[in-house]
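So you can see what is in the structure, the chains are spelled out below.
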Amino acid sequence: MMTMVFTVDEINRNSTLLPGVRLGYRILDSCDHVHTSLRGALSVVTGKRTEEHIEKGVEERMPGCLAGAPVPAVVGLASSTPTGAVAHTLGPFNIPLVSYFATCTCLTDKLSYPSFLRTVPSDLFQVRGLVQLVSHFGWRWVGILGTSDDYSRYGIQAFTQQLKDQGGCLAFHLTIPNSPSPAGLRAMADTLQSSRARVVVAFATEGQLLEFLSEGTLGFSFPGVSIPGLGDFLLKVRPSPTPGSEFINMFWEELFGCKLDFGAGSGSKGSGLTAICTGSEDLRDTESSYSDVSRVRISYNVYKAVYAIAHALHQLLQCDSTGHGQAQEKCNTSTYFTPRQLLHHLKRVNFTNQFGEKVHFDANGEPVPLYDIINWQKVSSGDIKFQKVGSYDGSAPLSQQLQIDESAIVWIGGQSQVPVSLCSAPCPPGSRQARRPGEPPCCFDCLPCAAGEISNQTGSIDCTRCPEFYWSDRDKVKCVAGIEDFLSFYDTMGIILVSLSLLGVVSTTTVTAIFHRFRATPVVKANNSELSFLLLLSLKLCFLCSLLFIGRPSAWSCGFRQAAFGVSFVLCLSCLLVKTIVVLLAFRATVPGSSALMKLFGPSQQRTLILCSTAPQVCLCAGWLFMAPSIPFRNSSYQGLTGMVVLECKEPWPPGFYLVLGYIGLLASLCLLLAFLGRKLPDTFNEAKLITFSMLIFCAVWISFVPAYVSSPGKYTVAVEIFAILASSFGLLLCIFAPKCYIILLRPERNTKKTLRKG
């Protein structure tokens, strides 16, 4: 109140602002109550002073007025609820109401409060700053303490919503009633002490929670300045018996602990224990918030409000354009103005005060949202010191709005470490949050990430799936290249298959050597020894082609493995087919009149049949290689189970493989059929029986191969095909050549034409 009086006097002494115009004022006490505030508002509108206002002590200094209304503008009030009531009353009359401390967001509504402006930022910005402050310190689990007024109600509502948007949660919400009962206070105390929340956000004036705030509080305050001359002006105040001095008299008695008795004479003592005030006590001998003007904050808002009205009047009265070159400029005081005109100019006011701050209002009548962040610190004497530890500028970019000096903050108990307020500790890297049913999102359990997923930050809500061909490491904190899996020469399975393949090659070479050594014997010469050597060569190729399936797949190995397999086996089966035909024709030639058949199917015809039988497979494989060759492929379909990236050969044209396999099956079936027909031919050594048995093994192996090949995963698909190649090759080698080697090496007495022809 006294700052407002001081500011009016300062403006009246200013020769450049409102020259020739003096400001006056009327001071009414709202008692921080809605009904009293409304009575005062009605007196402002009507110009009539009620008896109550006279009794309460209304100070009035109103010179001859240019305004077309009893009071053209009002500065006030402090609390949001009475301010809303007064603003709603003054709005239809377009009387400007400039508040210095009412911060409720609800007052931004221009439909309900068209003439309301304020020099204090709205709670909207205060709430944004509070949420940023809470987020800055990592507080996700906080309680809220409020009172039953609009400031608290609207502030808590906005804070709760924004806190949830930032991932925070409310541990509790307590509202202190106007007249709390002891039982209610005990229940609140129990809630505070039992909660895991170590941080409480309070929406209340300092007077309502003074003891609570003295524990180390962080709060948002308005920027403070030191107004020149204000301190001396305040110290000159003296009590007086004149009407309008009641506020000062009450303050004086409370500050000095005495009683003013102007009728009893100066310095006299009363009959009671209370001393009598002389009125000459020195305010410099006291320490109070009244005399401490080192950095005034709320009073500075009053200072800006009065100056804003003065500048609006300056523009309204055209004080800048009426001088006409005279020594001193004057304002246009020839006509009256209305509150509507003053409101129009007040909304557009824009000036820089002596402290370098720009004063203006936005479309909603709001100022620039600036705050100091204050830490309540207890000093050694037990008093409270207000230490600025940061600032908040709501008009700055989001990343620059909040500025905090954490080293300057003193927490509860004098500690320097930031308190932790969490329902659940943040989940470490490698895990994720799992909400507990029926509890707020801030209360959760930590579950390890699944295989193939990672979280490399503390407090991760979800785990991130690793990219294709990558897998999570042991701690599930980073993705590493997936382990490449293929049938290697160094695997146990690979070593076994290579050993069997080489065994087959060595065995085939040994049989070839035996046959070459005993090539003149009847057993070798029977059924064309040339076919036997060609069959052994094709078997050797079958054993060798299995090696192409082992090792890291490459472009050349993928392209040639199936072709080599298909051609080798078709060559082998073509030889068996010709041998079977030769056996059948040889016994057919013993029938009278059938000797010419054998001559028609001589060695040259046999070679031609082998060539003709093999040529289709060669053409098919060549076309397959040329048009759609197999290519190396990194198969990640098994990655979700084991993290393995299987290296395999991909068939761009799958029917090619089945055509190759089908042609092999066709020749095998034809060979089996012919051999089966000649199984009972009369001969001690009937080779048709051996071919029949070998073909049964061959067909059994490859019939069982198909389902095993389709169902085997990864490198085991290759292993199944190699096993089928080796099993069928060993079956042919053993069934056809083992009995002959047995006779050649162990029963040479049976290696004669006579023995072979016995029936």
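This is a predicted model, so every value here is computed, not measured.

All right, on to the packing of aromatic side chains then. Any pair of aromatic rings gets described here by the distance separating the centres and the angle formed by the planes. Using the criterion set out here, one finds 30 aromatic pairs in the structure. With 5.5 Å between their ring centres and 90° between their planes, Tyr300 and Phe355 make a pair best called edge-to-face. You can see Tyr300 sitting in helix 11 (residues 298–316) and its partner Phe355 sitting in the loop between strand 12 (350–352) and strand 13 (358–360), a full 55 residues away along the chain. On the basis of relative accessible area, Phe355 is assigned to the partly exposed category, the value being 27%. Over the ring of Phe518 we find Arg517; its NZ or CZ atom is 5.1 Å from the centre of that ring.

Glancing now at the pattern of salt bridges. All chains considered together, the criterion is met by 14 salt bridges. We note a salt bridge from Arg297 to Asp372, for which the minimum N-O separation is 2.9 Å. Here Asp372 lies in strand 14 (residues 370–378) and Arg297 lies in the loop between strand 11 (275–277) and helix 11, a separation of 75 residues in the sequence. Summarising the burial analysis for this pair, Arg297 and Asp372 share the class buried.

Applying the stated criterion to the full structure yields nine disulfides. A sulfur-sulfur separation of 2.3 Å characterises the disulfide bridge that pairs Cys104 with Cys106. In this structure, the disulfide formed by Cys104 and Cys106 twists by about 135° around the S-S bond and is classed as right-handed. The two residues Cys104 and Cys106 agree in class, both being buried. Note that Cys427 is cross-linked by a disulfide to Cys446, the S-S spacing being 2.1 Å. Taking the torsion about the S-S bond as the criterion, the Cys427 to Cys446 disulfide, at about -95°, is left-handed. Here Cys427, found in the loop between strand 16 (402–404) and strand 17 (431–435), pairs with Cys446, found in strand 18 (residues 444–448); they are 19 residues apart in sequence, far enough to count as distant. For Cys427, a relative accessible area of 0% gives the class buried.

Our focus in this paragraph is the sheet that holds strand 14. Taken in spatial order, the four strands line up as 9-14-15-16 in an open sheet, and their pairing is antiparallel. Among the strands making up the open sheet, the edge pair consists of strand 9 (218–221) and strand 16. In this sheet, neighbouring strand axes are inclined to one another by 35° on average, regardless of whether the strands run parallel or antiparallel. By the bridge criterion, three bridges tie strand 15 (residues 384–393) to strand 16 in an arrangement that is antiparallel. Residue Tyr392 lies in a different strand from strand 16, and its bridge partner there is Leu402.

Time to look at helix 22 (residues 715–745). Where helix 22 bends most, the angle comes to about 40°, and this point is Phe737, followed within four residues by the proline Pro739. Of all 31 residues making up helix 22, 23 are buried, and the element is well covered by its neighbours.

Further remarks concern unusual backbone geometry. The step from Gly76 to Leu77 runs through a cis peptide bond, and the omega angle for that step is -5°. Examined against the element boundaries, Leu77 turns out to sit in the loop between strand 3 (74–75) and helix 4 (80–90). Backbone geometry at Cys31 places phi at a positive 55°, although glycine is not the residue there. Checked against the element boundaries, Cys31 lands in the loop between strand 1 (25–27) and helix 2 (34–46). Residue Cys31 is classed as partly exposed on the basis of its relative accessible area of 37%. A positive phi is found at Asn94, a non-glycine position, where the angle reads about 55°. Secondary-structure assignment places Asn94 in the loop between helix 4 and strand 4 (97–99).

Another point: the sheet that holds strand 6 (residues 141–147). Reading across the sheet, the three strands line up as 7-6-8 and stay open at both edges, with parallel pairing between neighbours. The open sheet terminates on both sides in strands that have one partner only, identified here as strand 7 (169–176) and strand 8 (199–203). Strand after strand, the sheet turns through a mean of 20° between neighbouring axes, direction not considered. The sheet contact formed by strand 6 and strand 8 spans five bridges and is parallel. If you follow Gly143 over to strand 8, its bridge partner there is Val200. Across the face of the sheet, helix 7 (residues 182–194) comes into contact with strand 7 and strand 8 while running at roughly 160° to strand 7.

This paragraph deals with the UniProt feature "transmembrane region" (unreviewed entry) in the protein chain. Under the UniProt annotation, the feature "transmembrane region" (unreviewed entry) is placed at residues 493–515, 531–551, 563–587, 608–627, 657–678, 690–710 and 722–745. Annotation note: span residues 608–627, helix share 100%, strand share 0%, distance between end C-alpha atoms 28 Å. Secondary structure over residues 690–710 splits into 100% helix and 0% strand, and the C-alpha atoms at its two ends are 31 Å apart.

Below, the discussion takes up the environment of Val578. Within the element layout of this structure, Val578 appears in helix 16 (residues 555–588). In this structure the C-alpha to C-alpha distance between Val578 and Asn528, which are 50 residues apart in sequence, comes to 9.9 Å.

Attention now moves to the environment of Leu670. As for its placement among the helices and strands, Leu670 is situated in helix 20 (residues 654–677). Each C-alpha atom, one on Leu670 and one on Met695, is 9.8 Å from the other, the two residues being 25 residues apart in sequence.

Below, the discussion takes up the nonpolar core. Within the largest apolar cluster, 69 residues are counted, with the highest numbers of intra-cluster contacts made by Phe565, Leu576, Met695, Phe698, Trp702 and Phe737. For this core, the secondary-structure elements that each account for two or more residues are helix 13 (492–517), helix 14 (522–525), helix 15 (529–545), helix 16, helix 18 (603–627), helix 20, helix 21 (687–711) and helix 22. Those residues in contact with Phe737, other than ones at most four positions away along the chain, are Val511, Phe515, Ser532, Leu535, Leu536, Leu539 and Leu732. Grouped together as the second largest cluster of nonpolar side chains are 55 residues, Val21, Ile27, Trp252 and Cys331 included.

About the criteria used
- Residues numbered from 1 in each chain as written.
- Predicted model: local features only at pLDDT ≥ 70, side-chain atom pairs only at ≥ 80, totals over all residues.
- Heavy atoms only, no water.
- Phe/Tyr/Trp six-rings, centres within 6.5 Å; stacked < 30°, edge-to-face > 60°.
- Helix = DSSP H or I, 4+ residues; strand = E, 2+ residues; numbered from the N terminus.
- Buried < 20%, exposed > 50% of the residue type's maximum accessible area, 1.4 Å probe, protein only.
- Lys NZ or Arg CZ within 6 Å of the ring centre and 35° of its normal.
- Salt bridge = Lys/Arg side-chain N within 4 Å of Asp/Glu carboxyl O.
- Disulfide = S-S within 2.5 Å.
- Pairing = 2+ DSSP bridges.
- Axes fitted to C-alpha atoms, helices over the stretch in contact; angles between N-to-C directions.
- Bend = angle between axes of the 7 residues up to and from the residue.
- Contact = heavy atoms within 4.5 Å.
- UniProt positions renumbered as here; feature names shortened; annotations may be inferred.
- Core = buried A, V, L, I, M, F, W, Y, C linked by side-chain atoms within 4.5 Å.

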